[in-house]
Amino acid sequence: SRTEGQPGAVLEAASCGLPVVASAVGALPWMVEQGIAARLVTADADAVTIAAAIRSALGSGGASLPAMFELDEVVTRWHTLLAEYGRR
């Protein structure tokens, strides 16, 4: 796509160990920097570039999900945030 926020589909694919190929838009470059294994292409990438990224991703064995995106960690952070907000 040409625009994204922090796409849940990438997190879901990574949590299942599936390969990820996505446009380097929105939060995706940051997500990769945080440890999500993915192949990023430019939003205007041509079919040859996208196909090469897909071949590379398929050969990598899939994406991984960093601990900061694991469900238990996210729930813990939300709980902490909401508890802090409730004390205000």
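Refer to the structure above for everything that follows.
Report follows, based on the coordinates. Please read all numbers here as calculations on a predicted model, not as lab measurements.

Re helix α1 (residues 8-15)
Then step 1. By the burial criterion, the buried members of α1 are V10, A13 and A14. Take α1 and look down its axis: the buried residues cluster within an arc of 95°, on one side only. α1 presents A9 and E12 as exposed residues on the side facing more than 90 degrees away from its buried surface.
Then step 2. Where α1 terminates, the next one or two residues include G17, which has phi positive at roughly 75°.

A few points about the environment of T76
Then step 1. In this fold, T76 is placed in helix α4 (residues 71-86).
Then step 2. We classify T76 as partly exposed; its relative accessible area is 44%.
Then step 3. In sequence terms T76 and A43 are 33 residues apart; their C-alpha atoms lie 34 Å from each other.

Observations regarding the nonpolar core
Across soluble globular proteins, nonpolar side chains show a tendency to be buried alongside one another.
Then step 1. Ranked by size, the top nonpolar core spans 12 residues in total: V10, A13, A14, V20, A22, A27, L28, M31, I36, A38, L65 and F69.
Then step 2. Within the residue set of this core, elements represented by two or more residues are α1 and α2 (28-33).
Then step 3. Sort the elements by how many residues they give to this core and α1 lands first, with three residues.
Then step 4. Not counting residues within four places of it along the chain, the set of residues in contact with V10 comprises V20, L28, M31 and I36.

Comments concerning the environment of S60
Then step 1. Following the sequence through the fold, S60 ends up in the loop between α3 (47-59) and α4.
Then step 2. Note on S60: relative accessible area 35%, which makes it partly exposed.
Then step 3. Residues S60 and T3 lie 57 residues apart in sequence; the distance between their C-alpha atoms is 26 Å.

Concerning the pattern of salt bridges
Oppositely charged side chains can pair when the atoms bearing their charge come close.
Then step 1. In the structure shown here, the tally under the stated rule is one salt bridge.
Then step 2. For the salt bridge of R77 with E73, the shortest nitrogen-to-oxygen distance reads 3.5 Å. Taken together, the residues R77 and E73, both in helix α4 and four residues apart, mark about one turn of the helix.
Then step 3. Classification of E73 by relative accessible area gives partly exposed; the value is 34%.

Reading the values: the criteria
Residues numbered from 1 in each chain as written. Predicted model: local features only at pLDDT ≥ 70, side-chain atom pairs only at ≥ 80, totals over all residues. Heavy atoms only, no water. Buried < 20%, exposed > 50% of the residue type's maximum accessible area, 1.4 Å probe, protein only. Helix = DSSP H or I, 4+ residues; strand = E, 2+ residues; numbered from the N terminus. Arc of directions from axis to C-beta. Core = buried A, V, L, I, M, F, W, Y, C linked by side-chain atoms within 4.5 Å. Contact = heavy atoms within 4.5 Å. Salt bridge = Lys/Arg side-chain N within 4 Å of Asp/Glu carboxyl O.

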